[in-house]
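A closer look at the structure
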Amino acid sequence: ILIAFIEVLYLVFDSPGSVSGDIEGFYVILLLNQVEIMEYELTDIGPCRKRLTLNFSADEVTQVLGESYAEVDNHVQIKGFRKGKAPRRILEKKFGKEAILGAEDILAERNVNQTVEKEKVVLLGNADKITEKGTLKDGEPYKLEYEFDIRPHFEMPEYKNLTLNTVTLPVT
């Protein structure tokens, strides 16, 4: 993903008259915000079972956790504060566990299906989460692991030219 992104930047900014002056930095920031750089590893743990490991940087974790706290803030009413205006430290005390679980769900929703589609793997059933719930911490890298069953992959042998030996039984 990163190499393709760098090639796009080279094509955009190397061509004469493509981007000029102060606007150049704006386009770079805009493109950087659209590209997701997430590391993942898909390993075989059996003939029909795989393990998906997603690694998130501390910046990604901080951003998603902020989104999760904002979502909690918009849905709860804390005495003494207008809806959506409570300080984060109060939200962390009262609803910290829920926000962390919400952030884990956001990371999973955004990335598990996208990665499975990218690798062209056909799932059988739901993925089993291996990572313990509630282990996400603000400002620290995070590893999310799933195991799932997949459709087996095999080559069909040639069947059209097969001969079948039959035994005729006498009718009595």
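In this report, the structure presented in the accompanying data block is examined. (Residues numbered from 1 in each chain as written. Predicted model: local features only at pLDDT ≥ 70, side-chain atom pairs only at ≥ 80, totals over all residues. Heavy atoms only, no water.)

Brief notes about the environment of Ile150
Its location among the elements puts Ile150 in strand E4 (residues 142-150). For Ile150, a relative accessible area of 12% gives the class buried. The sequence separation of Ile150 and Leu124 amounts to 26 residues, and the corresponding C-alpha distance is 5.2 Å. Ignoring sequence-local partners within four residues, the contact set of Ile150 consists of Cys48, Arg49, Lys50, Val121, Val122 and Leu124. (Helix = DSSP H or I, 4+ residues; strand = E, 2+ residues; numbered from the N terminus. Buried < 20%, exposed > 50% of the residue type's maximum accessible area, 1.4 Å probe, protein only. Contact = heavy atoms within 4.5 Å.)

Some words on the nonpolar core
In terms of nonpolar packing, the biggest core is built from 27 residues, with Phe56, Leu91, Val112, Leu136, Tyr142 and Leu144 touching the most fellow members. Of all the elements in the fold, those that place two or more residues in this core are strand E2 (49-56), helix H3 (58-75), helix H4 (88-119) and E4. Among the elements that take part in this core, H4 stands out by supplying nine residues, more than any other. Contacts of Leu136, omitting those with residues within four sequence positions, involve Val61, Leu65, Ile100, Ala103, Glu104, Leu107 and Tyr142. (Core = buried A, V, L, I, M, F, W, Y, C linked by side-chain atoms within 4.5 Å.)

Let's talk about the pattern of salt bridges
Summed over all chains, the structure comprises nine salt bridges. Between Asp149 and Arg49 there is a salt bridge; the shortest N-O distance is 2.8 Å. Placement of Asp149 in strand E4 and of Arg49 in strand E2 is noted, with a sequence separation of 100 residues between them. The exposure class of Asp149 is partly exposed, given its relative accessible area of 34%. In this structure Arg49 comes out as partly exposed when scored by relative accessible area, which is 21%. In this structure, Asp138 and Arg88 form a salt bridge, with 3.3 Å as the shortest nitrogen-oxygen distance. Taken together, the residues Asp138 in the loop between strand E3 (123-129) and E4 and Arg88 in helix H4 connect sequence positions 50 residues apart. Note on Asp138: relative accessible area 40%, which makes it partly exposed. (Salt bridge = Lys/Arg side-chain N within 4 Å of Asp/Glu carboxyl O.)

What to know about unusual backbone geometry
For Lys120, which is not glycine, the phi torsion reads 55 degrees and is therefore positive. Following the sequence through the fold, Lys120 ends up in the loop between H4 and E3.

Observations concerning the side chain of Asp73
Of note, Asp73 is situated in helix H3. There is no salt bridge for the buried Asp73, and the closest opposite charge comes from Lys85, which lies 7.7 Å off by N-O distance. Not counting the four nearest positions on each side in its chain, Asp73 is found in contact with Lys83, Gly84, Lys85, Ala86 and Leu91. (Lys, Arg positive; Asp, Glu negative; His and termini not counted.)

Some words on the pairing of strand E1 (residues 39-46)
Sheet topology note: the E1/E2 ladder contains seven bridges and is antiparallel. Among the inter-strand pairings, Thr43 is bridged to a residue of E2, identified as Arg51. The hairpin turn running from E1 into E2, its antiparallel successor, is two residues long. (Pairing = 2+ DSSP bridges.)

Some points on the sheet that holds E4
On the basis of which strands lie adjacent, the open sheet formed by four strands has the order E1-E2-E4-E3 and antiparallel pairing. Only two strands of the sheet have a single partner each, and these edge strands are E1 and E3. Across this sheet, the average inter-strand angle for adjacent strands is 25 degrees, counted without regard to direction. Bridge count between E2 and E4: eight bridges; the pairing is antiparallel. Across the sheet, residue Arg51 finds its bridge partner in E4, namely Glu147. Contacts between H4 and the sheet are confined to E1, E2, E3 and E4, with E2 contributing the most and set at about 125 degrees to the helix. (Axes fitted to C-alpha atoms, helices over the stretch in contact; angles between N-to-C directions.)

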